[in-house]
Amino acid sequence: MNTKKIVITGSAGTGKTSVINALKTKGFYCFEEVIRALTSEVKKEVDASTHISNPIVFAKDPLEFNTRLLNGRINQFKHVDSLNKKTYFFDRGIPDVLAYMDYFNQKYEDSFTDACSMHVYTDVFLLPPWKAIYKTDGARFETFDEVVKIHEHLVTTYKKFGYNIIEVPFGTIEERTKYIINSI
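In this text, all values refer to a predicted model and were calculated from it rather than measured experimentally.

## Some points on the packing of aromatic side chains
Argument step 1. Enumeration according to the criterion identifies 13 aromatic pairs in this entry.
Argument step 2. An angle of 40 degrees between the planes, with centres 6.4 Å apart, marks the rings of Phe31 and Tyr88 as tilted. Residue Phe31 is located in strand β2 (residues 29-31), and its partner Tyr88 is located in strand β3 (residues 87-91); the two are separated by 57 residues in the primary sequence. Pair check on accessibility: Phe31 and Tyr88 agree, each one buried.
Argument step 3. Among the aromatic side chains, those forming a connected cluster through ring pairs are Tyr29, Phe31, Phe77, Tyr88, Phe90, Tyr121, Tyr158 and Tyr163.
Argument step 4. Of note, Lys5 hangs over the ring of Phe77, and the distance from its end group to the ring centre comes to 3.7 Å.

## A word on the side chain of Thr87
Argument step 1. Inspection of the secondary structure puts Thr87 in strand β3.
Argument step 2. Thr87 sits in the buried class, given a relative accessible area of 13%.
Argument step 3. Apart from the residues within four sequence positions on either side, Thr87 is in contact with Lys4, Ile6, Phe28, Tyr29 and Ile184.

## Examining the pairing of β3
Argument step 1. Within β3, five of the five residues are buried, leaving the element largely enclosed by the surrounding structure.
Argument step 2. Here β3 shows two buried faces, one formed by Thr87, Phe89 and Asp91 and the other by Tyr88 and Phe90.
Argument step 3. Inspection of the sheet shows strand β1 (residues 4-10) paired to β3 by five bridges, in the parallel sense. By the bridge assignment for β3, Ile6 is matched with Phe89.
Argument step 4. Sheet topology places β2 next to β3; three bridges connect them, and they run parallel. The partner of Cys30 across the bridge, within β3, is Phe89.

## Some words on the sheet that holds β2
Argument step 1. Taking strand neighbours across the sheet as the criterion, the five strands line up as β2-β3-β1-β4-β5 in an open arrangement whose pairing is parallel. With one partner strand each, in any of the chains shown, β2 and β5 (165-167) form the two edges of the open sheet. Neighbouring strand axes in the sheet, compared pairwise and without regard to direction, differ in orientation by 25 degrees on average.
Argument step 2. Along the sheet face, helix α7 (residues 173-183) touches β1, β3, β4 (123-127) and β5 and points at about 160 degrees away from the line of β4.

## Considering the pattern of salt bridges
If charged atoms from side chains of opposite charge come close, those side chains can pair.
Argument step 1. Tallied over the full model, the rule gives six salt bridges.
Argument step 2. As a salt-bridge pair, Lys24 and Glu32 come within 2.5 Å of each other at their nearest N and O atoms.
Argument step 3. Residue Glu32 is classed as partly exposed on the basis of its relative accessible area of 49%.
Argument step 4. Notably, a salt bridge pairs Arg68 with Glu64, separated by 3.6 Å at the nearest N-O pair. With Arg68 and Glu64 both in helix α3 (residues 62-79) and four residues apart, this pair spans about one turn of that helix.
Argument step 5. Classification of Arg68 by relative accessible area gives partly exposed; the value is 30%.
Argument step 6. Taken together, the shared-partner salt bridges connect Glu33, Arg73, Arg92 and Asp96 into one network.

## Notes on the nonpolar core
Argument step 1. Counting 33 residues, the largest nonpolar core has Leu70, Ile94, Val97, Tyr121 and Tyr158 as its most contacted members.
Argument step 2. Of all the elements in the fold, those that place two or more residues in this core are α3, β3, α4 (94-103), α5 (110-118), β4 and α6 (144-160).
Argument step 3. Residue contributions to this core peak at seven residues, all from α4.
Argument step 4. Excluding residues within four positions of it along the chain, Leu70 makes contact with Ile94, Val97, Ser111, Phe112 and Ala115.
Argument step 5. Grouped together as the second largest cluster of nonpolar side chains are 12 residues, Val19, Leu23, Leu127 and Ile180 included.

Thresholds, definitions, all that
- Residues numbered from 1 in each chain as written.
- Predicted model: local features only at pLDDT ≥ 70, side-chain atom pairs only at ≥ 80, totals over all residues.
- Heavy atoms only, no water.
- Phe/Tyr/Trp six-rings, centres within 6.5 Å; stacked < 30°, edge-to-face > 60°.
- Helix = DSSP H or I, 4+ residues; strand = E, 2+ residues; numbered from the N terminus.
- Buried < 20%, exposed > 50% of the residue type's maximum accessible area, 1.4 Å probe, protein only.
- Lys NZ or Arg CZ within 6 Å of the ring centre and 35° of its normal.
- Contact = heavy atoms within 4.5 Å.
- Pairing = 2+ DSSP bridges.
- Axes fitted to C-alpha atoms, helices over the stretch in contact; angles between N-to-C directions.
- Salt bridge = Lys/Arg side-chain N within 4 Å of Asp/Glu carboxyl O.
- Core = buried A, V, L, I, M, F, W, Y, C linked by side-chain atoms within 4.5 Å.

Set out below in structure tokens:
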């Protein structure tokens, strides 16, 4: 079987999770974002009132946090091998880890870039920053200006690993979901 591993990525608050949920309702196998659970753990370790940006920067050990995140995404990627579907969608991909670490000016080992090179997705769909729908929540702390800068890091990182990024146009969740399905 010719398996497709498709990333849905973008900065915080661009509609990724809503699109992933819509894809699930259409019967697609979707992997959820790994970072939400990890972020909840970090928030317990520090004073949440001090958050002015992504909690990753407040982790006691950012490299350890990002290593756990990277391993979680690698495990999702590998889990496909034990399933029997044709198409899989991922709420963020392995290169997202590097993009965020670059944004926060965090150092990483070669194992991070090796993971991106060894685990290659079929397609990458990028949801661009959209001010009209952006809002913060209990796990999202970035300002809209930060969201735009992170978007630029995502584009740079995915291109660095040779991906042809498919930008998803603005629209309703249904329109965006249909665009993705029709593009694959």
